[in-house]
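Read off the chains here:
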2 protein chains.
Amino acid sequence: MKVLVADDDADLRELIAFTLMQAGHLVVKAGDGPAALRHFGAEGPDLVLLDINMPGLSGFQVCETIRARSRVPVMMLTVRGEEEDLVRALGLGADDYLTKPFSPRTLLARVKALLRRAGMESTAPLAAGRISLDLEEHTVRIGAAEPVRLTKLELRLLQMLLANAGHAVNPERLLIQVWGHRSGGDRQLLKQLVHRLRQKIEADPAAPAVLRTAAAGYKLVVD
Amino acid sequence: MKVLVADDDADLRELIAFTLMQAGHLVVKAGDGPAALRHFGAEGPDLVLLDINMPGLSGFQVCETIRARSRVPVMMLTVRGEEEDLVRALGLGADDYLTKPFSPRTLLARVKALLRRAGMESTAPLAAGRISLDLEEHTVRIGAAEPVRLTKLELRLLQMLLANAGHAVNPERLLIQVWGHRSGGDRQLLKQLVHRLRQKIEADPAAPAVLRTAAAGYKLVVD
DNA sequence: GCGTGTCTGTCACCCGTTTGTCACCCGCCC
DNA sequence: GGGCGGGTGACAAACGGGTGACAGACACGC
C-alpha cells in the first residue's frame, strides 16, 4: 500500500517511513503542508499520515482539503495533551490519531487496522490480469509460471506499474515512487532496474511482452 | 495540473494558490525570481504564473529563461496601466496576462483556457472530426486507417493544430508552441517538421489533404 | 569480527531514431 | 531574370533506450 507521510520533523518522518517500508509499504514523504497536498494529488496514496504542526499549511488544513476530494483514510499525529486539536481533527474527517511519542509496533498496528477498516488489507496480493504480486514473499507470478523472487526496488517498480496496469507511467513518477526523491537526471537507474526486472520476468528479455516501453514511459501489459 | 505561482506579495500568492488548489490544481509557490526558476527546474510545472515586479529577477527575466528551456504556458501578472510591460512580456514568449486586481473566478477561467490551449487539460485522446490523438501512445489515427506513431515534436505540432482544427495557425505561434524558444528565423525547422509529418499521415504527401498550407500558416482539415 | 553472496549505483558503449542543418528544387510575382 | 517562400532529399549530430561490466554497500551466516 502507498502511504503519504507528512511531518516537518525530518528524523521522525524518516523513522516512520523506514518502519512502513520495512512492512512492505510504499512511502511518499512530505515536509510541509503544501508538499503533502502536492504529493497527495500526484501520487494518490492509500493512506495519509499527517502531523498537525507543519509549516505552510497545518495538518488541519491539509486534512480538510484532502477530505474535500477523497475519502482516503487519514491518520493524524498529535502531541500528547492537545485533546482539543484532536477533536478538531476528527471533526474535519480524520479517521484515527496517534499521540507522539509512539513505538514502530504501535504505528504498524494502527496502520494495519486502518487499512483493514478501509477494506484494503495490506497483505492481500495485488493482481491484474495474469500478473500477481505477493508483497510478503517479495515474489511475482505471471500466468502459470513459477513465482519469481524480486528485490525491494524491483517489487516497488512492479507495484507502481501494476497500480496503473495497461497504462504508461512516466519516468519521473516512477523515479519518485521507487527511489523517493531524486529530481531529474537519474534515468539511468530506471533503465537498469527495468533491465534487471525484465531479465527475471520476461520469457525473452530482448522482446519484452510484459514490461513494455511505451511512448511516455513504461507500462505493464496484463491482457 | 501543477502550477508554479511566483509573486513577492505573500497575501496575493496565497490567495492565488488557494484558488487554484480549490480547483484541483497542485501549486508550487515562489516569492522571488530565483526561487521561481529553482522550482521550475525541480518541479516541472504545467503552467507558470509570473508577477512582473519581483526581487532578484524580474518576471521578464524569469520568463525569458523559462522560454529558453521550455514551451510551458506562462501567464504574466501585471498592474493595470503598464501596457508597455505587457507588450514586452508577450514579446518574450508569455502566453497570456492578467491585470491586477482580478477575481478568483477570472483567474480560474484564464488558467483553464490557457491549459486547454496548451492541450493539457487531460490525457484523454484529443479528437476533431476524423482525426484523433492518443497522447499516451503518441499515435494519431485518421479516419479508419491504422494508428501512426509520432515523435515528440510531431505530436506537439499536431496537438496545436488540432486545438485549432479547421483554422490556420501562424508559424510564429507554432514555433513557440512546439519548440518553446526560437523567436524568429527558424522557419526551416517548421518546414521540415511539417514535411515529415505529412510523410506519415498523408495518403499523398505531395498533395496534402489533412495538413494544408494556408495563407497564414498551416491548418488541419478535419471533416 | 569476517567472509560470502546479493543488491544497487555507476560507467562505458551500442544502435536505431529523432532532430537540426544545408543545398537545392519549383512556382509565383515584380 | 531575380527574389521570395514553401517543399524536398540528404546527412550528421544529438538523443534515448538497452546492455554488460564492475565496485561499493549491504545483509546474513559463521
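Just so we're clear, the structure is a prediction, and the values are computed from it rather than from any experiment.

(A) Representation of the overall build of chain A. Scanning chain A from terminus to terminus reveals 8 helices and 11 strands. Counting the 223 residues in chain A, one finds 47% classified as buried. Partitioning the intrachain contacts of chain A with sequence separation of at least 6 by distance along the chain shows that 54% fall at a separation of at least 24.

(B) Spatial organisation of the protein's contact with DNA strand C. In the vicinity of DNA strand C there are 17 residues, among which T151, Q188 and R196 of chain A together with T151 and R196 of chain B approach most closely. In DNA strand C, atoms within 4 Å of the protein come from the sugar-phosphate backbone in 49% of cases. Between DNA strand C and Q188 of chain A there is a distance of 2.6 Å, counted from a base nitrogen to a side-chain nitrogen or oxygen. Looking at the surface near DNA strand C, the elements that each hand over two or more residues are α6 (152-163) and α8 (187-201) of chain A together with α6 (152-163) and α8 (187-201) of chain B.

(C) Fine view of the sheet that holds strand β8 (residues 139-142) of chain A. Residue and element names in this part refer to chain A. An order of β6-β7-β8-β9 is seen for the 4 strands of this open sheet, with the pairing classed as antiparallel. Two strands close off the open sheet at either side, each with one partner strand: β6 (126-128) and β9 (148-149). Relative to β9, β8 runs antiparallel, the two being bridged by 2 bridges. Within β9, the position partnered with T139 by the bridge is R149.

(D) Focus on the interface of chain B and chain A. Facing the 10 residues of chain B at the interface are 13 residues of chain A. Among the residues of chain B in contact with chain A, M21, L26 and E136 of chain B are the three that bury the most area, contributing 50% of the side total. The partner of K219 of chain A in a salt bridge is E137 of chain B, and the shortest N-O contact between them spans 2.8 Å. In this assembly, chain B and chain A are joined by 3 residue pairs in polar contact (both at pLDDT 80 or more). The element contributing the most residues to the side of chain B that touches chain A is strand β2 (residues 26-30) of chain B, with 4 residues. Classifying every residue of the side of chain B that touches chain A by side-chain character gives 4 nonpolar, 2 polar and 4 charged.

(E) Just the side chain of H138 of chain B, in detail. Structurally, H138 of chain B can be placed in the loop between β7 (131-134) and β8 (139-142). For H138 of chain B, a relative accessible area of 14% corresponds to the buried category. Residues contacting H138 of chain B, with those up to four places away along its chain left out, are A215 and A216 of chain A together with V148, R149, L150 and L155 of chain B.

(F) A look at α8 of chain A. All names here are of chain A. Helix length check: α8, at 15 residues, gives a terminal C-alpha distance of 21 Å against a target of 21 Å (1.5 Å per residue), a fit within 8%. Those residues of α8 that sit buried are L190, L193, V194, L197, R198 and I201. Each buried residue of α8 sits inside an arc of 135° when the element is viewed along its axis, so together they form one side.

(G) Examining the protein's contact with DNA strand D more closely. In the vicinity of DNA strand D lie 20 residues, with K191, Q192 and T213 of chain A together with Q192 and T213 of chain B positioned nearest. Across the atoms of DNA strand D situated within 4 Å of the protein, the share located in sugar and phosphate is 40%. In this structure, a phosphate oxygen belonging to DNA strand D sits 2.9 Å away from a side-chain N or O atom of R198 of chain A. The separation between a base nitrogen of DNA strand D and a polar side-chain atom of K191 of chain B is 3.0 Å. Those elements that provide at least two residues to the surface near DNA strand D are α8 of chain A together with α8 of chain B. A per-class count over the surface near DNA strand D returns 4 nonpolar, 8 polar and 8 charged.

(H) Summary view of the pairing of strand β11 (residues 217-220) of chain B. Pairing of strand β10 (residues 211-214) of chain B with β11 of chain B, which is carried by 4 bridges, proceeds in the antiparallel orientation. Across the sheet, A214 of chain B pairs through a bridge with G217 of chain B, a residue of β11 of chain B.

(I) Highlighting the pairing of β8 of chain B. Residues and elements named next belong to chain B. As paired strands, β7 and β8 are joined by 4 bridges and run antiparallel to one another. Bridging from a neighbouring strand, D134 pairs with T139 of β8. Here β7 folds back onto β8, and the loop between the two strands holds 4 residues, one of which, H138, carries a positive phi near 60°. Where β8 folds back on strand β9 (residues 148-149), the antiparallel hairpin that results is connected by 5 residues, among which G143 adopts a positive phi of roughly 60°.

(J) Focus on the sheet that holds strand β4 (residues 74-79) of chain A. Residue and element names in this part refer to chain A. As summarised here, the arrangement of the 5 strands in space is β2-β1-β3-β4-β5, forming an open sheet in which the pairing is parallel. Strands with a single pairing partner mark the edges of an open sheet, and in this sheet they are β2 (26-30) and β5 (96-100). Averaged over all adjacent pairs, the angle separating strand axes in this sheet is 20°, with direction ignored. When β4 meets β5, the two strands line up parallel, connected through 5 bridges. Bridge pairing links M75 to D96 in β5. Against the sheet, helix α1 (residues 10-22) contacts β1 (2-6), β2, β3 (47-51), β4 and β5, and its axis sits at roughly 170° relative to β2. The sheet strands contacting helix α2 (residues 33-43) are β1, β2 and β3, and the helix crosses β2 at an angle near 145°.

Rules used in this analysis
Residues numbered from 1 in each chain as written. Chains lettered and ligands numbered in written order. Predicted model: local features only at pLDDT ≥ 70, side-chain atom pairs only at ≥ 80, totals over all residues. Heavy atoms only, no water. Helix = DSSP H or I, 4+ residues; strand = E, 2+ residues; numbered from the N terminus. Buried < 20%, exposed > 50% of the residue type's maximum accessible area, 1.4 Å probe, protein only. Contact = heavy atoms within 4.5 Å. Near = heavy atom within 4 Å. Polar contact = N/O pair within 3.5 Å; in protein donor to acceptor, adjacent residues only side chain to side chain. Pairing = 2+ DSSP bridges. Buried area = accessible area lost by both parts, 1.4 Å probe. Salt bridge = Lys/Arg side-chain N within 4 Å of Asp/Glu carboxyl O. Nonpolar A, V, L, I, M, F, W, Y, C, P; charged D, E, K, R; others polar. Expected span 1.5 Å × (residues − 1). Arc of directions from axis to C-beta. Axes fitted to C-alpha atoms, helices over the stretch in contact; angles between N-to-C directions.

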